[in-house]
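# A closer look at the structure
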2 protein chains.
Amino acid sequence: MTGPGRSGGRAVLETLRAWGVRRVFTCPGSTEAAFLDATLDHPDFEVILTPHESIAVSAADGYARATGEPAVAYLHTHVGLANSLGHLNAARLAHSPVVVLTGLKPALLQAHGGFTCIQDTGRLAEPYVRSYWQSLRTEGIPEDLTRAFRLALTEPAGPTWLGLSQDLMNDTCTAPVPDPERFRPRARTAPDPERIREVAGMLATATSPLLVAGAEVARHDAVADLIALAERLGVPVMNEDRRTYERPGFPTSHPNYVGLYDVKRPVVGDSDLIVFAGCRLFTEFEVPRGPDVPESARVVHIHTDAAEIGAIHGVDLDIVADEGLALSGLLAGLPEGDVAVRTDRVAEARTEYLADTGPLPPETEGVENVAAVADALAAVVDDQTTVVGDATTTGAILLRRLPQNPPHQYFTSSSGSLGWAMGAAIGIKLAMPDRHVVAVLGDGAFQFGPQGLWVAARYQIPVTYVVINNESYAAVAAALRRYGGTAVERQEFPGKDLSGIDVAAIARGYGVHAQRLHHASELGEAMAKAKAHPGPSLIEIMTDPDYLGP
Amino acid sequence: MTGPGRSGGRAVLETLRAWGVRRVFTCPGSTEAAFLDATLDHPDFEVILTPHESIAVSAADGYARATGEPAVAYLHTHVGLANSLGHLNAARLAHSPVVVLTGLKPALLQAHGGFTCIQDTGRLAEPYVRSYWQSLRTEGIPEDLTRAFRLALTEPAGPTWLGLSQDLMNDTCTAPVPDPERFRPRARTAPDPERIREVAGMLATATSPLLVAGAEVARHDAVADLIALAERLGVPVMNEDRRTYERPGFPTSHPNYVGLYDVKRPVVGDSDLIVFAGCRLFTEFEVPRGPDVPESARVVHIHTDAAEIGAIHGVDLDIVADEGLALSGLLAGLPEGDVAVRTDRVAEARTEYLADTGPLPPETEGVENVAAVADALAAVVDDQTTVVGDATTTGAILLRRLPQNPPHQYFTSSSGSLGWAMGAAIGIKLAMPDRHVVAVLGDGAFQFGPQGLWVAARYQIPVTYVVINNESYAAVAAALRRYGGTAVERQEFPGKDLSGIDVAAIARGYGVHAQRLHHASELGEAMAKAKAHPGPSLIEIMTDPDYLGP
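Residues numbered from 1 in each chain as written. Chains lettered and ligands numbered in written order. Predicted model: local features only at pLDDT ≥ 70, side-chain atom pairs only at ≥ 80, totals over all residues. Heavy atoms only, no water.

In the nomenclature of an unreviewed UniProt entry, chain A corresponds to Benzoylformate decarboxylase from the organism Actinoallomurus bryophytorum.

## Brief notes about the overall build of chain A
The helix and strand tally for chain A stands at 22 helices and 20 strands. Taking 2.2 N^0.38 as the reference for a compact globule, 550 residues should give roughly 24 Å; the C-alpha atoms of chain A span a radius of gyration of 24 Å, in line with that estimate. Across the 550 residues of chain A, 65% fall into the buried class. Put simply, of all contacts in chain A between residues at least 6 apart along the chain, 77% involve residues at least 24 apart. For chain A, the exposed area adds up to about 18,100 Å²; of that, 50% sits on carbon and sulfur atoms. Separation between the mean location of the 45 positive side-chain charges and that of the 67 negative ones in chain A comes to 3 Å. (Helix = DSSP H or I, 4+ residues; strand = E, 2+ residues; numbered from the N terminus. Rg over C-alpha atoms; globule rule 2.2 N^0.38 Å. Buried < 20%, exposed > 50% of the residue type's maximum accessible area, 1.4 Å probe, protein only. Contact = heavy atoms within 4.5 Å. Areas by Shrake-Rupley, 256 points an atom, 1.4 Å probe, with all protein chains shown as cover. Lys, Arg positive; Asp, Glu negative; His and termini not counted. Charge placed at Lys NZ, Arg CZ, Asp CG, Glu CD.)

## Remarks on the sheet that holds strand S16 (residues 410-411) of chain A
All names here are of chain A. In space, the 6 strands of this open sheet follow the order S16-S15-S17-S18-S20-S19, with parallel pairing throughout. Across the chains shown, the open sheet's two edge strands, defined by having one partner strand only, are S16 and strand S19 (513-517). Pairing geometry for strand S15 (residues 385-390) and S16, over 2 bridges, is parallel. Among the inter-strand pairings, Val388 is bridged to a residue of S16, identified as Phe411. Helix H14 (residues 370-380) rests against S15, strand S17 (436-442), strand S18 (464-469) and strand S20 (537-542) of the sheet, and its axis sits at about 165° to S18. (Pairing = 2+ DSSP bridges. Axes fitted to C-alpha atoms, helices over the stretch in contact; angles between N-to-C directions.)

## Structural notes on the relation of the copies chain A and chain B
Taken as rigid bodies, chain A and chain B are interconverted by a rotation of 180° and an axial shift of 0.0 Å, the fit giving an RMSD of 0.0 Å. Expressed as an axis order, the relation between the two copies is that of a two-fold axis. Taking the C-alpha atom as reference, chain A places Ile506 of chain A closest to the rotation axis, 2.2 Å from it. When the interface residues of chain A are mapped onto chain B, 100% of them are again interface residues, pointing to one common binding face. (Least-squares fit on C-alpha atoms with pLDDT ≥ 70 in both.)

## Looking at the packing of helix H3 (residues 53-67) of chain B against helix H4 (residues 77-93) of chain B
Residue and element names in this part refer to chain B. Look at H3 against H4: their axes get within 7 Å of each other, and the N-to-C directions meet at 30°. Considering their axes alone, H3 and H4 lie roughly parallel with respect to each other. Note that H3 runs across H4; the crossing there is right-handed. Packed against H3, whose contacting residues are Glu53, Ser54, Val57, Ser58, Asp61 and Arg65, the element H4 presents Gly80, Asn83, Ser84, His87, Leu88, Ala90 and Ala91 at the interface. (Parallel < 35°, antiparallel > 145°, perpendicular 65-115°, else oblique. Left-handed = near helix turned anticlockwise from the far one by under 90°.)

## Side note on the sheet that holds strand S17 (residues 436-442) of chain B
Residue and element names in this part refer to chain B. Strand order in the open sheet formed by 6 strands is S16-S15-S17-S18-S20-S19, and the pairing between neighbours is parallel. Because the sheet does not close on itself, it has two edges, and the strands there are strand S16 (410-411) and strand S19 (513-517). With 5 bridges joining them, S17 and strand S18 (residues 464-469) adopt parallel strand pairing. Directly across from Leu441, in S18, lies its bridge partner Val467. With respect to the sheet, helix H16 (residues 420-431) is in contact with strand S15 (385-390), S16, S17 and S18, its orientation differing from that of S15 by roughly 160°.

## Focus on the UniProt feature "domain: Thiamine pyrophosphate enzyme TPP-binding" (unreviewed entry) in chain A
The sites that UniProt annotates as "domain: Thiamine pyrophosphate enzyme TPP-binding" (unreviewed entry) are residues 397-541 of chain A. Secondary structure across residues 397-541 of chain A comprises 41% helix and 17% strand; the distance between its end C-alpha atoms is 16 Å. (UniProt positions renumbered as here; feature names shortened; annotations may be inferred.)

## Section: the interface of chain A and chain B
Facing the 85 residues of chain A at the interface are 85 residues of chain B. Roughly 6,900 Å² of surface becomes buried between chain A and chain B when both sides are summed, with 63% attributable to carbon and sulfur atoms. By the criterion of area lost to chain B, the three top residues of chain A are Leu40, Phe115 and Tyr483 of chain A, representing 10% of everything that side buries. Remark: the boundary between chain A and chain B carries 4 salt bridges. One salt bridge connects Arg123 of chain B with Glu126 of chain A, and the closest N-O pair in it is separated by 2.5 Å. In this structure, the connection of chain A to chain B is made through 29 residue pairs in polar contact (both at pLDDT 80 or more). Sorting the residues of the side of chain A that touches chain B by element identifies helix H2 (33-39), strand S3 (46-49), helix H4 (77-93), helix H5 (107-112), helix H18 (452-458), helix H19 (474-483), helix H20 (486-490) and helix H21 (503-509) of chain A as the ones contributing at least two each. Residue contributions to the side of chain A that touches chain B peak at 8 residues, all from H4 of chain A. (Buried area = accessible area lost by both parts, 1.4 Å probe. Salt bridge = Lys/Arg side-chain N within 4 Å of Asp/Glu carboxyl O. Polar contact = N/O pair within 3.5 Å; in protein donor to acceptor, adjacent residues only side chain to side chain.)

## Regarding the pattern of salt bridges
According to the stated counting rule, one finds 62 salt bridges over all chains in the structure shown. In this structure, Glu352 of chain B engages Arg265 of chain B in a salt bridge whose closest nitrogen and oxygen atoms are separated by 3.2 Å. Of this pair, Glu352 of chain B sits in helix H13 (residues 345-355) while Arg265 of chain B sits in the loop between strand S11 (257-260) and helix H11 (266-269), and the two are 87 residues apart along the sequence. A salt bridge links Arg401 of chain B to Asp375 of chain B, with the nearest nitrogen and oxygen atoms 2.8 Å apart. A residue pair is termed long-range when its members are at least 10 positions apart, and Arg401 of chain B in helix H15 (residues 395-401) and Asp375 of chain B in helix H14 (residues 370-380) qualify at 26 residues. Accessibility expressed as a relative area gives 17% for Arg401 of chain B, which makes it buried. Look at the salt bridges and you will find they share partners, linking Asp61, Arg65, Glu246 and Arg280 of chain A into a network.

What follows is the structure, given as structure tokens:
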């Protein structure tokens, strides 16, 4: 842009629009006026107000995950930024290109320790972002913001942070918006051809190879490449370990799919070669009791981010590359004709996988069983449904029972920041309006984001929220059980009880259509009602408070 | 303690109990099991579960403010800590001795970047605390924790942070708990006698002196000293500027009280000497249009924290001391007989103060006026009532109209972290069970802590919540009005609308008795009902959504 200039706030909006951003998720305060004012010039630009920053960032994250495109959360000062950090961690782990803007008080007030000022606000974001910067001059804003977008999209992608002082936003900016097309990273990293030859040779000669797909396979649009390689080799494929799982890299419905990676599974233990593609190895929840990879297997790790390889376990071969280029390269590098792979392995492992129902909560008289709830959910998850999972105790049960076909049938977070799905589902629904988006949360997780309900209601974003209410922090009780002390002796679990919350009533208070169920058998009909309802809807289903998880 | 040792978790509990701590506010996860398990040995020790960390820290802050004693919030990993930072800022600004403990994954997982691990978790807390440390050995835990308590109480008091890894908590600790009485800071800082002589002389010879009381006067139990000095001199007294106001240092009912400090008030402008005691000078909200202190007045600043003096404005004389010792020293240092003070000033300024009703929202047909709500509230605030204020747009109106007599009639926060009162009121009520604690929030602020309602309901803590619901982020609209751009032209305020929330319904969903009002005249009866109700109660009162604040 040339001409007499416009406010820094308008320059921000122009830069956002140039990058194709059509909405911000924001919880503003007094420091964002110049930007908000500028949005009035563009009726097609949406200002989605979120009454808590955790919703702004998780919604932006959901949108960014579903589209691969940058999404923007605009927060207010360090107190607002702080409120969002848990979910910024989720965006970090999922390599989600969320650009977090934070309005700051004018420079003078920052120096004075003014209202809502701390020194170096961006350092709060630093553990979670690929770059943090505070604009120092109004003229620098379009370039600073361009850099934030570029780095958010530069592999390994992830969130970035930019601080914008109120005085700069109000001042005049004459700097043009740099052309995004000249700054958008497009080049993929190709694998070292020598490495590809070597691994292709290993795959052709291994008798019991296993492929493990991570979320990065889906994010880099390499699912078809993985399927082609798996089918050509006739090998079993797993999705990555539950603790790093963010979205499926391989379809659960595919005949070669044999479950989530778990070193205790026979198909893992008898592998002589494991090729991990686009996953972290590993995110540990507890100190492991043994190795996470069988010592007999050779290990190949393919990842875009060289820093992920060898992070904990040494590998036999490393391939730093876009998963699509690596996997298609491996397919092309295989010798013609037969490979050495044992042909019976897939069917065997698939049968074993299908027979193993996973954790089975005990049947308790008068209270619904969470496995039954998961099965009832599975029955309503069709090809046009996207599940956004955010349940702690129930997580493993859902992952075992719900279909997860890439790229869009299942999203979750490995961050440990509860309540992520309350906002993420909103962003995902906005990204994919034709899909039925179902957020599935535990009651504990729900409590970290009830404000998302208002956003869904206010902007008529028809997400279906399912809250599995066991009236417990079962994860806390499970930890006490593992600890094995007085709590187990007395069967008293301090910090567990979360009873007496009527989630459906809360949802109605936010203007969301809500139903409370006591039986999994009611879920089908309730879901039909929820889908038929024009706006968002919530289904609360009560389950056994005494089940502490697998 | 001697003997064969106990778990690190039990050592934590013993240390807490030695310091007189009888409860923790906690949102635990898998890393706090050893501690939670230990609490079962002590039925008198309360584990208050909060379903969001913001409530844990604000409740601990409220308790610490009301008692001056340390209070403990026990959080889970960096994601839990992050959720609490906004209110940790509130504790920082109020010099509130909140000890924040954070459970961390075992050391090995921290090194591996395991689930819910980041490098150096404590740095998140660093901008807000007086010290942060992560225990490195189980044997060090009692000492590390003792240091956290000591520093929280060491002037200028404030929050501290200690990270506790799960492996250390599970290991055996044989180290004894250091005797708190040997580590509790008791010595007050006495003022430089020369400074006292000088300022006493200035006070005796000034014709128009003014005293300004900060929250630190109340926190250091120096209100009586200030009253004695004010009465002896016959001078007007103000409470500090609204932007730093945390609690009254001087009773609003006292005949010498003439309002909140504001440089535009005639009683400020015609002062030839202003003695600021125990307040910050200043916390600016906007770039000031002129000096905050009249240039004609000599300025004396009394504060425990030397770093607060001269932070922005130069002063004529600095007194670094406990406010009680400084103020009683000044009284003792005055010459016998008459002082030069103009005798008419107090009455004049008091009359002016009483006549000035402060900001007056316009009367709008069919919607209640927030000034009427404030007056109705004022009518029910008696000597046994404590108001916990947390309203943005309405803040100034409440401060003008509600009685605020130290030490316990009014608490608020200058942090800018909304929702603080949702937890703070809980802590304050636990500290002072005989007082009627009324939390007054705007609807925007309420949305940052609805989970507090469950805590109040679950533990039957009979706080009365009053939510003034104007269905707006009026502060955002006010910022747009100050910006004076397209929003003002079109009278369209993006980011303002927060309509459609039934706060009373949400409260009922959390198990809290709730009433929704449309008229201030109903407040008295509703408040009586709320007080009569055995548990917590919420009163929602609808007000004019178009009033953007003063």
